[in-house]
Amino acid sequence: MWLKLFFLLLYFLVLFVLARFFEAIVWYETGIFATQLVDPVALSFKKLKTILECRGLGYSGLPEKKDVRELVEKSGDLMEGELYSALKEEEASESVSSTNFSGEMHFYELVEDTKDGIWLVQVIANDRSPLVGKIHWEKMVKKVSRFGIRTGTFNCSSDPRYCRRRGWVRSTLIMSVPQTSTSKGKVMLKEYSGRKIEVEHIFKWITAHAASRIKTIYDAEHLKEEWNKSDQYWVKIYLFANLDQPPAFFSALSIKFTGRVEFIFVNVENWDNKSYMTDIGIYSMPSYILRTPEGIYRYGNHTGEFISLQAMDSFLRSVQPEVNDLFVLSLVLVNLMAWMDLFITQGATIKRFVVLISTLGTYNSLLIISWLPVLGFLQLPYLDSFYEYSLKLLRYSNTTTLASWVRADWMFYSSHPALFLSTYLGHGLLIDYFEKKRRRNNNNDEVNANNLEWLSSLWDWYTSYLFHPITSFQNFPVESDWDEDPDLFLERLAFPDLWLHPLIPTDYIKNLPMWRFKCLGVQSEEEMSEGSQDTEHESDSESTDTLSSEKEVFEEKQSIVHSSPGQTSHSDAEACSCASKYCQTTAYERKGRSYGSYSSNEDMEPDWLTWPADMLHCTECVVCLENFENGCLLMGLPCGHVFHQNCIVMWLAGGRHCCPVCRWPSYKKKQPYAQHQSLSNDVPS
């Protein structure tokens, strides 16, 4: 996961550098930047109309180019980036579609239940012609879609009862606008009552109703009162302009951010005294001012802050986001990170897509599960202060120059999806190349495996788990309250050879207790004399021998567990030479020998203090029928029986996951036996 997160952050860094590279190329070819101002005088009449349409200002009564240019200047400064975006949006608006409602429930779900948007619906009465013709309606859909206004057509022939209940006896236009100033408020339906069925008149009717929801200030006293007032809205955006009504994009944003940001329009058209605006820091017209508890922010002074719907929408979402915005952002990031698995995974193509589908399902499920407690915590009243501090931190960070660059890059790549996808694919192919080169020396089979080989291995794995019931996935030891396995009685009553053997992981072998067999022997006079001479040397190397012995035990344990059942290590063969005798001994001979008998030299006595407390004391391995020698490696099972490590590992790795003596499962925890008296006490001296 961390590797994919690193690659995703690296990809974002590449996008940032690539955007700066494109800006440098444009500056080298044309000598202009996206933030450079454009003189409206140098623009053609068509481009000026395109700018006004994108800002949402009517120009039907302005036949002169001079009047259109002045209207552009009154609505805000024009930058090269906004001009480019407007021309690009003019080309993309050709493919805008409209919704056809099938009935009452469809209309209610999309129109009346929508709390943060505007709908324009053309109602066609039963056996009547539409109010707006097909050509004009297509122009209307194209015009209003730039401001986030959704359109649709409701034909009363599909649900005549609903039309009669609504009173739609003739063809008309219906506009839905949120009625209150709070989030998720009621929706109000307004019917067009104008006589002129033209695109400009209908659009003016729409913008007039949308602008009526914005608080408008006409004098300095009212502005002073509003500026010093503290209410529920912590974030306010002011538009100081010499216009009759605010632009349509400003009105559309006021509906979209209902309950989060308050939009205020200050009409300074007939003001004589503008001294108070100078006192609060407003020196030029028009001005877009964002007022927050942290201070005043002038919109339009940083990169990407254009006078358009998309630019201001991304700016306000970053400054005052809601929970849904954060969820969508996290969803996009998580899925981008999951898609990195397609390039990181090496091997067959089908394997890559199987791993990708698994990763997408896992990551999205974890994301949804992790968001549920977050939504629950946000509902608690004790976290209001935490929520306010979080928003304050976001406002501080998202009003910086770096944040403006990120927003500008987001708008650039979102308007060029092909460039975004191609860069993501190129980044993924580079990751695939370096991952393949890194793993080629480690695992050639994995890298060079084809689809058929991987599907064959997948089928083998699936059939093994389908026909072999998995008895336990828990590694030993496991604390359990059961003294006996509840299924042990049924397993003993069944016929083992008639049932498929359970598929049991061998990881538990690594957790079995293991130690070396030591004897307490009597030293000779020569050994005592040599020991007195080497006392200093032995005392210095005592700690080193202890650590090396423990390390040797651990290494032998790991090598045997990870080796195949038929392989044995050289060290274990030296410690216990019982592998050949194990093959020659029959099961009847094993049962005939008494387990736990003590037969060793008289001068050698086992050191029982080194044995684990829950292991039975014995001196013979029941598998190979050989006595334990001094220094040999022993291993115990959960039932308490002890064997040579090499013998019992070969026994367990061969598929016999039970004790050779009592048949207790070697992977299940068992309550230890009562501590028996040491065998050394029963042996005569």
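Scroll up for the structure.
Residues numbered from 1 in each chain as written. Predicted model: local features only at pLDDT ≥ 70, side-chain atom pairs only at ≥ 80, totals over all residues. Heavy atoms only, no water.

A. Quick peek at the overall build of the protein chain. On a plain count of helices and strands, the protein chain comes out with 27 helices and 17 strands. Within the span of the protein chain, comprising 685 residues, buried residues form 40% of the whole. Once local pairs closer than 6 in sequence are excluded, the contacts in the protein chain between residues at least 24 apart make up 72%. Carbon and sulfur atoms make up 56% of the accessible area of the protein chain, which totals about 39700 Å². (Helix = DSSP H or I, 4+ residues; strand = E, 2+ residues; numbered from the N terminus. Buried < 20%, exposed > 50% of the residue type's maximum accessible area, 1.4 Å probe, protein only. Contact = heavy atoms within 4.5 Å. Areas by Shrake-Rupley, 256 points an atom, 1.4 Å probe, with all protein chains shown as cover.)

B. Seen up close, helix α18 (residues 417-439). The end-to-end C-alpha separation of α18 is 33 Å, in line with the 33 Å expected for 23 residues at 1.5 Å each. Buried within α18 are the following residues: Thr423, Tyr424, His427, Gly428, Ile431, Asp432, Glu435 and Arg439. (Expected span 1.5 Å × (residues − 1).)

C. Up close: the side chain of Ser254. Turning to its location among the elements, Ser254 is positioned in helix α10 (residues 248-256). Side-chain polar atoms of Ser254 contact the backbone oxygen of Ser251, separated by 2.4 Å. When sequence neighbours within four positions are dropped, the list of residues in contact with Ser254 reads Arg213, Ile214 and Phe263. (Polar contact = N/O pair within 3.5 Å; in protein donor to acceptor, adjacent residues only side chain to side chain.)

D. Region of the structure containing the pattern of salt bridges. One pass over the structure, following the stated rule, counts 21 salt bridges. Here Lys215 and Glu226 are joined by a salt bridge, their closest N and O atoms 3.3 Å apart. With a gap of 11 residues between them, Lys215 in strand β6 (residues 215-217) and Glu226 in helix α9 (residues 220-227) connect regions that are remote in the sequence. With a relative accessible area of 27%, Lys215 lands in the partly exposed category. Taking the shortest distance from any N to any O, the salt bridge between Arg395 and Glu294 comes out at 2.9 Å. In this pair, Arg395 sits in helix α16 (residues 384-398) while Glu294 sits in the loop between β9 (287-292) and β10 (295-299), placing the two residues 101 residues apart along the sequence. A single network of salt bridges, built from pairs that share partners, joins Lys256, Arg260, Asp313, Arg317, Glu322 and Asp325. (Salt bridge = Lys/Arg side-chain N within 4 Å of Asp/Glu carboxyl O.)

E. Geometry of the state of the cysteines. Applying the stated rule across the entire model yields one disulfide. Two residues share a disulfide in this structure: Cys156 and Cys163, whose sulfurs sit 2.1 Å from each other. Linking Cys156 and Cys163, the disulfide has an S-S dihedral of approximately -95 degrees and is accordingly described as left-handed. Residue classification places Cys156 among the buried positions, given a relative accessible area of 1%. With no disulfide of its own, Cys519 lies 8.2 Å from the sulfur of Cys632, the closest cysteine sulfur. (Disulfide = S-S within 2.5 Å.)

F. Fine view of the packing of aromatic side chains. Summed over all chains, the structure comprises 34 aromatic pairs. Relative to Trp205, the ring of Tyr192 has its centre 5.1 Å away and its plane inclined at 70 degrees; by these criteria the two rings are edge-to-face. With Tyr192 in the loop between β5 (187-191) and α8 (199-211) and Trp205 in helix α8, this pair connects stretches of sequence that are 13 residues apart. One exposure class covers both Tyr192 and Trp205, and it is buried. An aromatic cluster of at least three residues, connected via ring pairs, comprises Phe249, Phe250, Phe263, Tyr288, Tyr297, Tyr299 and Phe315. Against the face of Phe16 rests Arg20, its NZ or CZ located 4.7 Å from the ring centre. Above the plane of the ring of Trp227 lies Arg291, whose end atom (NZ or CZ) is 4.5 Å from the centre. (Phe/Tyr/Trp six-rings, centres within 6.5 Å; stacked < 30°, edge-to-face > 60°. Lys NZ or Arg CZ within 6 Å of the ring centre and 35° of its normal.)

G. View of unusual backbone geometry. For the bond from Met285 to Pro286, the omega torsion is -5 degrees, close enough to zero to count as cis. The topology assignment puts Pro286 in the loop between α11 (275-279) and β9. Look at Arg663: it is not a glycine, yet its phi comes out positive at around 65 degrees. Checked against the element boundaries, Arg663 lands in the segment after α27 (645-653).

H. Expanded view of the side chain of Arg260. Here Arg260 is to be found in the loop between α10 and β8 (262-267). The class of Arg260 is buried, set by a relative accessible area of 13%. Side-chain polar atoms of Arg260 contact the backbone oxygen of Gln320, separated by 3.1 Å. At a separation of 3.0 Å, a polar atom in the side chain of Arg260 contacts the side chain of Asp325.

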